[in-house]
Number of protein chains: 2
Amino acid sequence: MQNLTVNGDRLWRSLMETAVFGGTPKGGIKRLTLTEEDRAVRDWLTEQCLALDCRMSVDEVGNMFFTRAGTDPTLAPIAIGSHLDTQPTGGKFDGILGVLAGLEILRTLNESGYETRHPLMLVNWTNEEGARFSPAMLGSGVHAGVFDRLYADTRVARDGQTFGDALEAIGFRGDTPAGSTGMAAMLELHIEQGPVLEAQGKDIGIVEGVQSMRWYDLVIEGVEAHAGPTPMALRKDALLAAAELILLVERIANSHAPGVGTVGCVEVHPNSRNVVPGRVALSVDLRHPEDDQLDVMEAELRHEIGARLKDGFAITLSEHWRSPAVKFDSLCVDAVAEGAAACGYSSVRIHSGAGHDSAYIARVAPTSMIFVPCLGGLSHNEAESTTKEQCLAGAQTLLNAVLCLDRSLDVRAGDALGTIGVAVGMGSVGHIEDTATPGDNRI
Amino acid sequence: MQNLTVNGDRLWRSLMETAVFGGTPKGGIKRLTLTEEDRAVRDWLTEQCLALDCRMSVDEVGNMFFTRAGTDPTLAPIAIGSHLDTQPTGGKFDGILGVLAGLEILRTLNESGYETRHPLMLVNWTNEEGARFSPAMLGSGVHAGVFDRLYADTRVARDGQTFGDALEAIGFRGDTPAGSTGMAAMLELHIEQGPVLEAQGKDIGIVEGVQSMRWYDLVIEGVEAHAGPTPMALRKDALLAAAELILLVERIANSHAPGVGTVGCVEVHPNSRNVVPGRVALSVDLRHPEDDQLDVMEAELRHEIGARLKDGFAITLSEHWRSPAVKFDSLCVDAVAEGAAACGYSSVRIHSGAGHDSAYIARVAPTSMIFVPCLGGLSHNEAESTTKEQCLAGAQTLLNAVLCLDRSLDVRAGDALGTIGVAVGMGSVGHIEDTATPGDNRI
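Note that the coordinates shown come from a computational prediction; the quantities given were computed from them, not determined experimentally.

Draft legend 1. How the structure looks around the interface of chain A and chain B. Each partner contributes residues to the interface: chain A has 57 residues there, and chain B has 58 residues. A combined buried area of about 4,600 Å² lies between chain A and chain B, and 61% of that area is made up of carbon and sulfur atoms. Between the two partners, chain A and chain B, sit 2 salt bridges. The closest approach of N and O atoms between Arg-273 of chain A and Asp-217 of chain B, which form a salt bridge, is 2.5 Å. For the pair chain A and chain B, the interface holds 18 residue pairs in polar contact (both at pLDDT 80 or more). When residues of the side of chain A that touches chain B are traced back to their parent elements, those giving at least two are helix 7 (196–200), strand 7 (212–221), strand 8 (225–226), helix 8 (238–254), strand 9 (260–262), strand 10 (266–269), strand 11 (275–276) and strand 12 (279–288) of chain A. Looking at which element gives the most residues to the side of chain A that touches chain B, the answer is helix 8 of chain A, with 9 residues. Among the residues forming the side of chain A that touches chain B, the class breakdown is 28 nonpolar, 19 polar and 10 charged.

Put into structure tokens, the structure is as follows:
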């Protein structure tokens, strides 16, 4: 294992070579899912993998699988990869690094003639970003049974095209039934998209899971009034109540570290300089690695909203979306830790604050992730930046972890279809409405 | 004078008849300045006034003047009126009552054949509200020399149209030079837009002046970041700083009663659920009856902003507009008092908390205002409500006051152009920029 070393220069060249598919003048990438740019990078990946004698399959929602044979044909493949689509003003690394590091590992293994026991399978998941077709992580979600194929096919882009039509237009509707591709395990390398590794000076993040996340809509109704002649004591200013709730979300998050809380959207009505706001709508995003701690954060929010109702404001809190905490498989997490340590990389165990394909894949296969730093924690931005050395460290850790799992795992192909530790029914829920008014104190 | 009585039913019918131009399902009016709805009500007013044999003139910024001749052609006209434009969710009385009560007075005088010494002139000022084109009181401001025509013409609405283009599009660019229409005096009837008259059970407010007012633009720059993986301690959330400043404006106002402070507009960038806001723009409106107390309120705001800069936020405070405290002409104020007393209406002397066209007109002519109560002090709201009896009391007081001034005043037409008690140099200032950044602590 110590002698197998990925080629950092070759990996970097792959990153730069594919960055032209949708490349922007500012050095970013605009490669929305299932567009011509997406087709171009998919064709490029196909050509590279077929040249490595990998077997290709594409499933019904365009997820791409390239398999390098192992020595034991009865074993299920170990999967590596991520996604190649980007945000409208995305960078060169988000998702892409995970796929191209996987390609680099296939090349390294072929070059050395190294034979793994399990087959090794490179994956490109369709529509991770959710920027063109909402929701995000759609391809991996269908694979994991979170969504069905019909749901995916009927998602509609702003340009009016459906996911299904777009998939066929670029020629990537495969015939492999969605979800039928078994895996012994899945490892995903990704940029952190946050500032923790950089702030702590660590090379590698060993990802233990994905935070529990909930999105809420909060609407505050006061009384609209003229800003001049209305004495302060006689006002019901919805924006003042909103400001207190914005600061409350911060206080709740601060008292439940490492939980976070964010108000990202504010809409003020009527939004006129000389009118006391009568209504304010806020989005609230709460996250915590532990579901029960997120329950506590939510309860505190609801309690304080209840107190506000006594002041004569009408406040409605609706749950818009939720995603429960994901705990990655301990064997996979340990393999990542061992992979980083084998090369002397500094590392820290962290939870992902963002959603990833691996959050869904963890429902049907043992899974973990590897994070590398990105400059300033910046992502979803054309200025997204990770150095060649950081990419190399991530790819080398990924290779080490794969070889570690190849030794320790013993999953038969027939057992690798959603039979391992799947928590069914913990999935994303729809728009749960929970309304409270002063006369109907249900918050 | 005692025998001249306005027709309250006819006045009410005029109010209801014009309320259809921009009428909303909730019983309010959306009649933004220089829109098709504004054109419709202007055409209606023109038709009514021409039927009364009034002479019509329109100036370069769309201010409309309808003059009923007096017995002495050498005297300058006594002006009555207000504005016909509304807020986006405005009511049926704000401004409109003053114009239609003026129309009712013209009708009453014509019916009775009463002849005044001075000509009597009904005025509809353009863009009092400032809701579509900022700043407010633009037409009366140009008339009074506070703004020039070019400044008015180049104001831009959110829809991209300029004031000048909008004025020409509805056909109300007149050829009377702005400011050339002289007045012996101006009396404006208006709803109070506040709760004082209602709380004290008074019929009439005798308005002695207008509060000092200042509008500011406040821009807070933090650092945009992904809401998931960015720990609370590593954030520079512009919205959290904004929320504290919103509450600060409230605290400053509370500690300087009867001063008031309002944040009416909020724009968050990028306004996305899962992005920590990087930039927030707020409007701030501060008012106090005394200029020197408003200076103190502003100083406190700037001091606290300076303290925030130390936290690493870049904050820019720009003065957008200001209007100093206005003291109305004592002869006009006394005429209003006499007009109310003549009919036995209860009254109280008060200051206006809102801006009005009369605040600018007071610079170029003796001026006062008459307030009538509005339900709950509510205005700039579709539920704005004043009874038929209250409208009648206001219109009758206005007629009485006009006749009182017609006897006591003796202003020649040639003397009526900005020569009377004008406080030059106290005017509104333009867009004074006052920028502060952490490295340049000039706030």
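The discussion continues.
Draft legend 2. The relation of the copies chain A and chain B, seen in detail. Taken as rigid bodies, chain A and chain B are interconverted by a rotation of 179° and an axial shift of 2.9 Å, the fit giving an RMSD of 2.8 Å. Both copies present the same face, since 88% of the interface residues in chain A are matched by interface residues at the equivalent positions in chain B.

Draft legend 3. Spotlight on the confidence of the model for chain A. Mean pLDDT over chain A works out to 92, with 94% of the residues at or above the 70 mark. For residues 419–443 of chain A, every residue scores under 50 in pLDDT, and the model assigns this stretch 50 contacts once sequence neighbours within four places are set aside.

Draft legend 4. Seen up close, helix 2 (residues 36–51) of chain A. Residue and element names in this part refer to chain A. Taking 1.5 Å as the rise per residue, helix 2 with 16 residues should run 22 Å; its terminal C-alpha atoms sit 23 Å apart, in good agreement. Those residues of helix 2 lying buried are Asp-38, Val-41, Arg-42, Trp-44, Leu-45, Thr-46, Gln-48 and Cys-49. Residues of helix 2 that are buried make contact with helix 1 (8–18), strand 1 (55–58), strand 2 (64–68), helix 3 (96–112) and strand 4 (120–125). Of the residues one or two after helix 2, Asp-53 is the one with positive phi, at around 65°.

Draft legend 5. Just the layout of surface pockets, in detail. Each pocket or cavity is described by its volume, and for the second largest pocket that value is around 610 Å³. Residue lining of the second largest pocket: 28 residues in total, with Asn-271 of chain A together with Gly-130, Ala-131, Arg-158 and Cys-265 of chain B positioned closest to the centre. If you list the elements that add at least two residues to the lining of the second largest pocket, you get strand 7 (212–221) and strand 12 (279–288) of chain B. When residues in the lining of the second largest pocket are grouped by element, the largest group, 4 residues, is from strand 7 of chain B. Among the residues forming the lining of the second largest pocket, the class breakdown is 13 nonpolar, 8 polar and 7 charged.

Draft legend 6. The domain arrangement of chain A, seen in detail. All names here are of chain A. Under the domain assignment used here, chain A contains domain 1 (8–209 + 325–411) and domain 2 (212–323). Here the C-alpha centre of domain 2 lies 37 Å away from the C-alpha centre of domain 1. Across the boundary between the two partners, domain 1 contributes 6 residues, which contact 7 residues of domain 2. Between domain 1 and domain 2, a total of about 500 Å² is buried, with carbon and sulfur atoms accounting for 48% of that surface. In this assembly, domain 1 and domain 2 are joined by 1 salt bridge. Its residues assigned to classes, the side of domain 1 that touches domain 2 shows 2 nonpolar, 3 polar and 1 charged.

Draft legend 7. Highlighting the side chain of Thr-24 of chain A. All names here are of chain A. Among the secondary structure elements, Thr-24 is positioned in the loop between helix 1 and helix 2. Residue classification places Thr-24 among the buried residues on the basis of a relative accessible area of 19%. A distance of 2.8 Å separates a polar atom in the side chain of Thr-24 from the backbone nitrogen of Gly-28.

Draft legend 8. View of the pattern of salt bridges. All names here are of chain A. Tallied over the entire structure, the rule returns 45 salt bridges over all chains. Arg-132 is the partner of Asp-159 in a salt bridge, and the nearest nitrogen-oxygen pair spans 3.0 Å. Taken as a pair, Asp-159 in the loop between helix 5 (149–153) and helix 6 (163–169) and Arg-132 in the loop between strand 4 and helix 4 (138–143) lie far apart in primary sequence, 27 residues in all. When its relative accessible area of 54% is taken as the criterion, Asp-159 is described as exposed. Glu-298 serves as the salt-bridge partner of Arg-302, at 2.9 Å between the closest nitrogen and oxygen. Taken together, the positions of Arg-302 and Glu-298, both in helix 9 (residues 291–309) and 4 residues apart, correspond to about one turn of that helix. One exposure class covers both Arg-302 and Glu-298, and it is buried. Counted as one network, the salt bridges with shared partners bring together Glu-60, Arg-149, Asp-153, Glu-168 and Arg-173.

Draft legend 9. Structural detail: the packing of helix 1 of chain A against helix 12 (residues 388–408) of chain A. Residue and element names in this part refer to chain A. Taken N-terminus to C-terminus, the directions of helix 1 and helix 12 make an angle of 110°; their axes are 9 Å apart at the nearest point. By the angle between their directions, the pair helix 1 and helix 12 is classed as roughly perpendicular. From helix 1, Gly-8, Asp-9, Leu-11, Trp-12 and Leu-15 reach across to helix 12, where they touch Lys-388, Cys-391, Leu-392 and Ala-395. Considering only residue class, the contact of helix 1 with helix 12 consists of 6 nonpolar, 1 polar and 2 charged.

Draft legend 10. A look at empty space enclosed by the protein. Summed over the entire model, instances satisfying the criterion amount to 4 cavities of 30 Å³ or more. Considered as a void within the structure, the largest cavity measures approximately 110 Å³ in volume. Class assignment for the residues of the lining of the largest cavity results in 5 nonpolar, 7 polar and 4 charged. Composition of the lining of the largest cavity by domain shows at least three residues from each of domain 1 (8–210 + 325–411) and domain 2 (212–322) of chain B. Approximately 70 Å³ is the volume attributed to the second largest cavity. In terms of lining, the second largest cavity is formed by Met-137, Val-210, Met-213, Trp-321, Ser-323, Val-326, Gly-355, His-356, Ala-359, Tyr-360 and Arg-363 of chain A. Contributions of two or more residues to the lining of the second largest cavity are made by strand 13 (314–323) and helix 11 (357–361) of chain A. Looking at the lining of the second largest cavity residue by residue, the class counts come to 7 nonpolar, 3 polar and 1 charged. Viewed by domain, the lining of the second largest cavity spans two of them, domain 1 (8–209 + 325–411) and domain 2 (212–323) of chain A, each represented by three or more residues.

Draft legend 11. Expanded view of the nonpolar core. In terms of nonpolar packing, the biggest core is built from 95 residues, with Leu-45, Leu-122, Leu-187 and Leu-398 of chain B touching the most fellow members. Taken domain by domain, the makeup of this core includes at least three residues from each of domain 1 (8–210 + 325–411) and domain 2 (212–322) of chain B. Among all residues touching Leu-187 of chain B, those that are not within four sequence positions of it are Ala-79, Ile-80, Gly-81, Cys-332, Val-336, Ser-368, Leu-398, Ala-401, Val-402 and Leu-405 of chain B. Residues Leu-4, Cys-54, Ala-393 and Leu-399 of chain A belong to the second largest nonpolar core, which totals 92 residues.

The rules behind the values
Residues numbered from 1 in each chain as written. Chains lettered and ligands numbered in written order. Predicted model: local features only at pLDDT ≥ 70, side-chain atom pairs only at ≥ 80, totals over all residues. Heavy atoms only, no water. Contact = heavy atoms within 4.5 Å. Buried area = accessible area lost by both parts, 1.4 Å probe. Salt bridge = Lys/Arg side-chain N within 4 Å of Asp/Glu carboxyl O. Polar contact = N/O pair within 3.5 Å; in protein donor to acceptor, adjacent residues only side chain to side chain. Helix = DSSP H or I, 4+ residues; strand = E, 2+ residues; numbered from the N terminus. Nonpolar A, V, L, I, M, F, W, Y, C, P; charged D, E, K, R; others polar. Least-squares fit on C-alpha atoms with pLDDT ≥ 70 in both. pLDDT = per-residue confidence, 0-100. Expected span 1.5 Å × (residues − 1). Buried < 20%, exposed > 50% of the residue type's maximum accessible area, 1.4 Å probe, protein only. 1 Å grid on protein atoms, 1.4 Å probe; cavity = no way out; pocket = protein on both sides within 12 Å on 5 of 7 lines; lining within 4 Å. Points joined across faces, edges and corners; volume = space filled by probe spheres on them. Domains from an automatic or database assignment. Axes fitted to C-alpha atoms, helices over the stretch in contact; angles between N-to-C directions. Parallel < 35°, antiparallel > 145°, perpendicular 65-115°, else oblique. Core = buried A, V, L, I, M, F, W, Y, C linked by side-chain atoms within 4.5 Å.

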